[in-house]
Amino acid sequence: MLSETRIVLRNLGRIDPVSVQDYQKQGGYGPLRKALSMKTEEVIAEMKRSGLRGRGGAGFPVWKKWSFTASAQSGQKYVICNADEGEPGTNKDRVILSGDPNSVFEGMAIAAYAVGADRGFLYLRREYPYVAPILDQALENARAEGCLGKNILGSSFSFDIEVISGGGAYVCGEETALIESIEGRRGEPRFKPPYPGVSGLYGRPTVVNNVETLANVPVILQRGGEWFSGIGVPNCTGTKVFTLCGNITQKGVFEYPMGTNLRDIYETHGGVKDNFDLRGFMLGGQSGNLINAGQMDLSMDIDSCQQAESVLGTGTIMVIDDRNDILDIVQNIMSFFIEESCGKCTPCREGNIRILEILRRISGGEGRMEDLTLLEDLAGMMNVACLCGLGQNSSVAVITSLHNFREVYVKAIERGRRA
Ligand SMILES: Cc1cc2nc3c(=O)[nH]c(=O)nc-3n(C[C@H](O)[C@H](O)[C@H](O)COP(=O)(O)O)c2cc1C
Ligand code: SF4
């Protein structure tokens, strides 16, 4: 049985989320005070020592991202907290923000100090309207206590945060689409480079980090990068906040060290509910991988998942039991991406529709064996030709199910032939 290691979720259930005094009693805003007494490059060096990588899906080293923005020449820089959390089944950012918003504000303020920004935006998923009043109240209280706003904690550093309601689309979580949306345009991804770190919001250098990433930052400043790097696995340090969903006995949001075994997480939380048989897992959200029950001995960290042709992504673990039809699941996922494609580029706009047509043909008994190669070719083309991660990864579930549940496709095609 595992027990949680709570770094990001350290204050959850222990404080009144909007009370800055409660947060301070747990040591909150001490790390910001400490950062303000350091040189900005020392703060970035501490992040480097920690090895912290982004928790929004791509796993980019935080210190590197901050260094790009810190060294960019500009009179105006920004910090954005990405709280769009549009990935179905993922709830960790909502839990962090509604339970301990100051940990994220403090992480943003430390990032801002390190890179030389004085304005921050927290881009909140539109479907989380009930979180907005918590954030507004917590911000007001933090300002009143001198932890945000002008001359923070009596220093010459000023920084404030504005909450922006998201565009209500999955693609708005992509950092450049998010920036377009804050600027008042349709949430469509930009071509990269330039990356936001150099040319982001209003063309200014902008750090974009995920909620969970930022909530780690104060603890790293407080306890040191070396301490943090001792948790997890060598190239993927710290913890991960996992969302357990689907048909598992104990659903919810739980924090374990990077590199924790998937089997241990699954068993600790009671396995499949109601004594059905485990069929597999959907890992990392809808753009993630479908793996079968036999693949469950997997180290849950960014690199190990990648090496095993899987993905950690947002850390979502959806449990699938033997009542669930894999072909239904992948069709559902493709319908989601057809709905969410912004339509800017043809391979995504058209490719998702073509893939769904083939899947429907197979499950409707009209499939051909050649369809399996066609699916792989189409998905491979989309992976290289689509402009953003939505189209590049929308068919990962199809590809991984073709590898890990191939018999399902073959059976459906053979059944159709016999009929
Ligand atoms: C289609 C799409 C949706 C995304 N949605 C989110 C999201 O909801 N939250 C998030 O933090 N990152 C999301 N990302 C990743 C962001 O573009 C970006 O990499 C991330 O916010 C960087 O933060 P990090 O370095 O702290 O992980 C998404 C990417 C793509 C391609
Ligand atoms: S890949 Fe899809 S979501 Fe991304 S820019 Fe192209 S059409 Fe839009």
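Residues numbered from 1 in each chain as written. Chains lettered and ligands numbered in written order. Predicted model: local features only at pLDDT ≥ 70, side-chain atom pairs only at ≥ 80, totals over all residues.

**Description of the nonpolar core**
Alright, step 1. Core analysis: the biggest nonpolar cluster contains 126 residues, and Trp-66, Ile-80, Met-108, Ala-109, Ile-110 and Ala-111 have the highest contact counts within it.
Alright, step 2. The element that contributes the greatest number of residues to this core is helix 6 (residues 101-115), accounting for ten residues.
Alright, step 3. In this structure Ala-111 touches Trp-66, Val-79, Val-207, Asn-209, Leu-214 and Val-217, once residues within four positions along its chain are discounted. (Core = buried A, V, L, I, M, F, W, Y, C linked by C-beta atoms within 7 Å. Buried ≥ 20, exposed ≤ 12 C-beta atoms within 10 Å, placed from the backbone. Helix = DSSP H or I, 4+ residues; strand = E, 2+ residues; numbered from the N terminus. Contact = placed C-beta atoms within 7 Å.)

**Regarding the sheet that holds strand 4 (residues 206-210)**
Alright, step 1. Across the sheet, four strands lie side by side as 3-2-1-4; this open sheet has parallel pairing. Two strands close off the open sheet at either side, each with one partner strand: strand 3 (160-165) and strand 4. Across the sheet, the mean angle from the axis of one strand to that of its neighbour is 20°, orientation sign disregarded.
Alright, step 2. Direction of pairing for strand 1 (residues 78-83) relative to strand 2 (residues 119-124): parallel, over a ladder of six bridges. Within the sheet, the bridge partner assigned to Val-79 lies in strand 2 and is Gly-120.
Alright, step 3. Set on the sheet, helix 6 makes contact with strand 1, strand 2, strand 3 and strand 4; between it and strand 1 the angle comes to about 150°.
Alright, step 4. The strands touched by helix 7 (residues 132-144) are strand 2 and strand 3; relative to strand 3, the strand with the most contacts, the crossing angle is about 165°. (Pairing = 2+ DSSP bridges. Axes fitted to C-alpha atoms, helices over the stretch in contact; angles between N-to-C directions.)

**Some thoughts on the domain arrangement of the protein chain**
When the parts come together, some accessible area is lost, and that loss is often what is quoted as the size of the interface.
Alright, step 1. When cut into domains, the protein chain gives domain 1 (20-229), domain 2 (233-321) and domain 3 (326-418).
Alright, step 2. Taking only C-alpha atoms, the centre of domain 2 and the centre of domain 3 are 23 Å apart.
Alright, step 3. Taken together, the contact between domain 2 and domain 3 spans ten residues of the former and eleven residues of the latter.
Alright, step 4. The set of elements that each furnish at least two residues to the side of domain 2 that touches domain 3 consists of strand 10 (278-283) and strand 11 (289-292).
Alright, step 5. Sort the elements by how many residues they give to the side of domain 2 that touches domain 3 and strand 11 lands first, with four residues.
Alright, step 6. Class assignment for the residues of the side of domain 2 that touches domain 3 results in three nonpolar, seven polar and no charged. (Domains from an automatic or database assignment. Nonpolar A, V, L, I, M, F, W, Y, C, P; charged D, E, K, R; others polar.)

**Overview of helix 13 (residues 326-340)**
Alright, step 1. The end-to-end C-alpha distance of helix 13 is 21 Å, a good match for the 21 Å that 15 residues give at a rise of 1.5 Å each.
Alright, step 2. Every buried residue of helix 13 is accounted for by Ile-326, Ile-329, Val-330, Ile-333, Met-334 and Phe-337. All buried residues of helix 13 project into a common sector of 130° when viewed along the axis, lining one side. Turned more than 90 degrees from where helix 13 packs its buried face, Asp-328 and Glu-339 sit exposed.
Alright, step 3. On its buried side, helix 13 packs onto strand 11, helix 14 (346-363), helix 16 (389-393), helix 17 (396-404) and helix 18 (406-418). (Expected span 1.5 Å × (residues − 1). Arc of directions from axis to C-beta.)

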